[in-house]
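Commentary on secondary and tertiary structure
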Amino acid sequence: MITREQILKTAQEHDSFYLYDESMILKQIQTLREHFRDVSFLYSVKCNPNPEILQTIAGQGLGADAASAQEVLASLKAGIKSEDIYYSAPGKSSRDIEQTLGKCILVADSVGEVERILEETRKKKETVGIGVRIHPNFSFDQENAAPSKFGIDEEQFFSHLPKWKEDKIRICGIHVHLRSQDLDTDRIARYHQNVLKLAEKVQKELGYELDFINLGAGIGIPYGIEDREVDIRKLAEQFELFKKNVSVKNARMLIETGRYLVGNGGFYGMKVLDKKVSRTKTYVILSSTLNGFMRPSLARLVEKYAKEEHPAGTEPLFTKTDAFQFTVYTQEEQEEEERVDLVGNLCTAADVIAEDILLPRLQPGDVVVVNHAGSYAATLSPFAFASLGRPAEILIHAGTM
Ligand SMILES: *Cc1c(COP(=O)(O)O)cnc(C)c1O
């Protein structure tokens, strides 16, 4: 765990900063590996592309789930082998395809993209397998499948297969991803089972074995204080059981994971810059709130305006209104408490991360730390706003804790 000394010491040099705890990242990797024996995990780089974190994860032998050509290149640079990098994202340009061909496994996100990848491979006179992202007929909640901008609808996929076979296109694997941040073990297990059944059907139509079946992500992490962890042991046991009942014995099984690895190993620290009283309120002004870590401010905004408690399709911008907790580190011992608003130093009134909360009395130089800052935090924040600059990002190596 990151210590009070580390936080106060870092705050002497930086007004706002991310601290990443490498030992927590390693522990999460170990938990997944211990239970899922025959599955390879892919790190979803977009949740935190910090080069040192990427190196740590690459060093553990994980592959990469890249969401852009840039992430393919960053993964290579971190030491991940091209055959372990899967590039799956909607709307890849011809340039993206050209830049990454031969450096990763390309996963086509539409019928048009299958053709564009084929065109590039022909230009380069290469024959490579193409992965396809399928938008399946099932959903997480056993409702009818909704339309999606991701992947190729299952029906469309099967209706295109004969033509692709004729054109000698080798479909080498499938990718399905429907949801992030689920905490219901049984629901994720059922989803895995559905993907395996789909893979079996795909193999049967293809007439040969798939190289890989990418089951996407889903495994969430506790954010709210009432959230409970996914039961990884049970999830893995269920998966093994389902796998025995489908004839996809030789395909490489892949599960993507971003936040599970790094989300709770990251902390965002903001120094108290000023404190002022206006009429009935006491404002504590912190360094780079909305612009340094956007999601806590967004949670306040959603709380004000959302009609539904869990609006769909808002991850990873919004998880839930009580997703972040605050800890304060005062320079001096402080016994007194006071009710304050925590706001940032941006020139917008929307720059609020907490209202009317009771905290130990804060003074300039003290530090407020937000948790769950390892994923969709630094990478998802508008650092350029008001030219306030980037917070520092520091990985605390496991050996030095
Ligand atoms: C963002 C994303 C992930 C990562 O989701 P987490 O909730 O961070 O694990 C995995 N797969 C795909 C396709 C994604 O777009």
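First things first, this report covers the structure right here in the doc. (Residues numbered from 1 in each chain as written. Predicted model: local features only at pLDDT ≥ 70, side-chain atom pairs only at ≥ 80, totals over all residues. Heavy atoms only, no water.)

1. With respect to the overall build of the protein chain
Applied cut-off: Labels follow the DSSP assignment, with helices taken as runs of H or I lasting at least four residues and strands as runs of E lasting at least two, numbered in each case from the N terminus. Note on method: radius of gyration uses C-alpha positions; expected globular size equals 2.2 Å times residues raised to 0.38. For the exposure calls, accessible area comes from a 1.4 Å probe over protein chains only, and a residue counts as buried if that area is under 20% of its type's maximum, exposed if over 50%, partly exposed in between. Residues are treated as being in contact if the distance between any of their heavy atoms lies within 4.5 Å. All accessibility values rest on the Shrake-Rupley procedure with a 1.4 Å probe; residue burial counts only the protein chains present in the view. We treat Lys and Arg as the positive residues and Asp and Glu as the negative residues; His and chain ends play no part in the count. To locate a charge, take atom NZ for lysine, CZ for arginine, CG for aspartate or CD for glutamate.
From N to C terminus, the protein chain includes 11 helices and 17 strands. Whereas a compact globule of 401 residues would reach a radius of gyration of roughly 21 Å, the protein chain reaches 23 Å, a difference of no more than 12%. Taken along its principal axes, the extent of the C-alpha atoms in the protein chain is 75 × 40 × 40 Å. Across the 401 residues that make up the protein chain, the buried fraction comes to 52%. Across the protein chain, every contact between residues at least 6 apart in sequence was considered, and the portion connecting residues at least 24 apart equals 71%. Looking at the protein chain as shown, the accessible area adds up to about 18900 Å², and 48% of this sits on carbon and sulfur atoms. Charge centroids of the protein chain, computed over 49 positive and 59 negative side chains, lie 4 Å from each other.

2. Section: the layout of surface pockets
Put simply, the rule reads: For cavity detection a 1 Å grid was placed over the protein atoms alone, and a set of points counts as a cavity when a 1.4 Å probe fits there but cannot get out; an open set counts as a pocket when protein lies on both sides within 12 Å along at least five of seven lines, with lining residues being those that have an atom within 4 Å of a point. Grid points are joined across faces, edges and corners, and a volume is the space filled by probe spheres set on the points. Ten residues, namely Ala, Val, Leu, Ile, Met, Phe, Trp, Tyr, Cys and Pro, are considered nonpolar, four, namely Asp, Glu, Lys and Arg, are considered charged, and the remaining ones, Gly among them, are considered polar.
By volume, the second largest pocket amounts to about 190 Å³. Among the elements that take part in the lining of the second largest pocket, helix 2 (residues 22-35) stands out by supplying 4 residues, more than any other. Counted by class, the lining of the second largest pocket contains 6 nonpolar, 5 polar and 2 charged residues.

3. Observations concerning the side chain of Q203
Note that Q203 resides in helix 8 (residues 185-206). Not counting the four nearest positions on each side in its chain, Q203 is found in contact with Y208, E209, L210, S247 and V248.

4. Side note on the site of the ligand
This is how it is decided: Put simply, a residue is near a molecule or strand once any heavy atom of it comes within 4 Å of that molecule or strand. Any N or O atom pair separated by 3.5 Å or less is treated as a polar contact, with the protein-specific requirement of one donor-capable and one acceptor-capable atom, and with residues adjacent in sequence counted only for side-chain atom pairs.
Taken together, 14 residues are adjacent to the ligand, and K46, E256, G258, R259 and Y376 come closest. One of the side-chain nitrogen or oxygen atoms of S180 is found 3.0 Å away from an oxygen atom of the ligand. Its free accessible area being 390 Å², the ligand has 90% of it covered by the protein chains. Each residue belonging to the shell around the ligand can be placed in one class, and the counts come to 2 nonpolar, 7 polar and 5 charged.

5. Topic: the packing of aromatic side chains
Formally: Each Phe, Tyr or Trp ring, with Trp reduced to its six-membered ring, pairs with another whose centre is within 6.5 Å; inter-plane angles below 30 degrees give stacked pairs, above 60 give edge-to-face pairs, and intermediate values give tilted ones. Lysine NZ or arginine CZ positioned within 6 Å of the ring centre and within 35 degrees of the ring normal marks a charge as sitting over the ring.
Under the defined criterion, the tally for this structure stands at 13 aromatic pairs. Between Y18 and Y268, the aromatic rings sit 4.5 Å apart at their centres with planes inclined by 35 degrees, giving tilted as the arrangement. Note that Y18 is positioned in strand 1 (residues 16-21) and Y268 in strand 11 (residues 266-278), a separation of 250 residues in sequence. Ring geometry for F140 against Y191: centres 4.6 Å apart, planes inclined by 25 degrees, an arrangement best described as stacked. Placement of F140 in the loop between strand 6 (130-135) and strand 7 (152-153) and of Y191 in helix 8 is noted, with a sequence separation of 51 residues between them. Here the two residues F140 and Y191 agree in accessibility, since each one is buried. An aromatic cluster of at least three residues, connected via ring pairs, comprises Y18, Y20, Y223, Y268, F293 and F324. We note K92 situated over the ring of Y87; from NZ or CZ to the ring centre the distance is 5.3 Å.

6. Structural notes on the environment of S44
Tracing the chain through its elements places S44 in strand 2 (residues 39-44). Expressed as a C-alpha distance, the spacing of S44 and A66, which sit 22 residues apart in the sequence, is 6.3 Å. The contact partners of S44, leaving out residues within four places of it in the chain, are D65, E256, T257 and G258. Within the local environment of S44, its side chain forms a polar contact with the side chain of D65, the two groups lying 2.7 Å apart.

7. Structural notes on the nonpolar core
Here is the rule: Each nonpolar core is a collection of buried residues, namely Ala, Val, Leu, Ile, Met, Phe, Trp, Tyr and Cys, held together in the definition by side-chain atoms within 4.5 Å.
One finds I213 and L342 to be the most contacted residues of the largest nonpolar core, which totals 100 residues. The element contributing the most residues to this core is helix 8, with 9 residues. If we skip the residues at most four places from it in the chain, L342 touches V284, L286, F326, V352, I353, A354, I357, L359, L362 and V368. Within the second largest apolar cluster, 12 residues are counted, among which are L19, F267, V369 and A392.

8. Details of the pattern of salt bridges
Here the idea is simple: oppositely charged side chains can pair when their charged atoms come close. Using the following cut-off: The rule for a salt bridge is simple: a side-chain nitrogen of Lys or Arg has to be within 4 Å of a carboxyl oxygen of Asp or Glu.
Within this structure, the stated rule accounts for 22 salt bridges. Here R187 makes a salt bridge to D141, at a shortest N to O gap of 3.3 Å. Of this pair, R187 sits in helix 8 while D141 is found in the loop between strand 6 and strand 7, placing the two residues 46 residues apart along the sequence. The shortest N-O distance in the salt bridge between R179 and D182 comes to 2.8 Å. Each member of the salt-bridge network shares a partner with another, and the members are D141, R179, D182 and R187.

9. So, the pairing of strand 1
Threshold: Pairing between two strands requires that DSSP report at least two bridges joining them.
Summarising burial for strand 1: 6 of the 6 residues are buried, a large majority. Burial of the side chains of strand 1 extends over both faces: S16, Y18 and Y20 are buried on one face and F17, L19 and D21 on the other. In this structure, strand 1 lies alongside strand 17 (residues 392-396), joined through 5 bridges in parallel fashion. Following the sheet pairing, Y20 is matched in strand 17 by L395.

10. A word on the pairing of strand 3 (residues 63-66)
Side chains on a regular strand alternate between the two faces of the sheet. Operational definition: A crossover gets the label right-handed when its path from the first strand over the helix to the second runs clockwise, viewed with the strands pointing away from the viewer.
Here strand 3 shows a buried face lined by G63 and D65 and a second buried face lined by A64 and A66. Here strand 2 runs beside strand 3; their pairing, made up of 3 bridges, is parallel. Following the sheet pairing, Y43 is matched in strand 3 by A64. Crossover connection from strand 2 via helix 3 (residues 51-59) to parallel strand 3: handedness right-handed.

11. Considerations on the environment of A378
Within the secondary structure, A378 is located in the loop between strand 16 (367-370) and strand 17. Among the residues examined, A378 registers a relative accessible area of 8% and is labelled buried. Filtering out sequence-adjacent residues up to four positions away, A378 remains in contact with Y18, Y20, F383 and E393.

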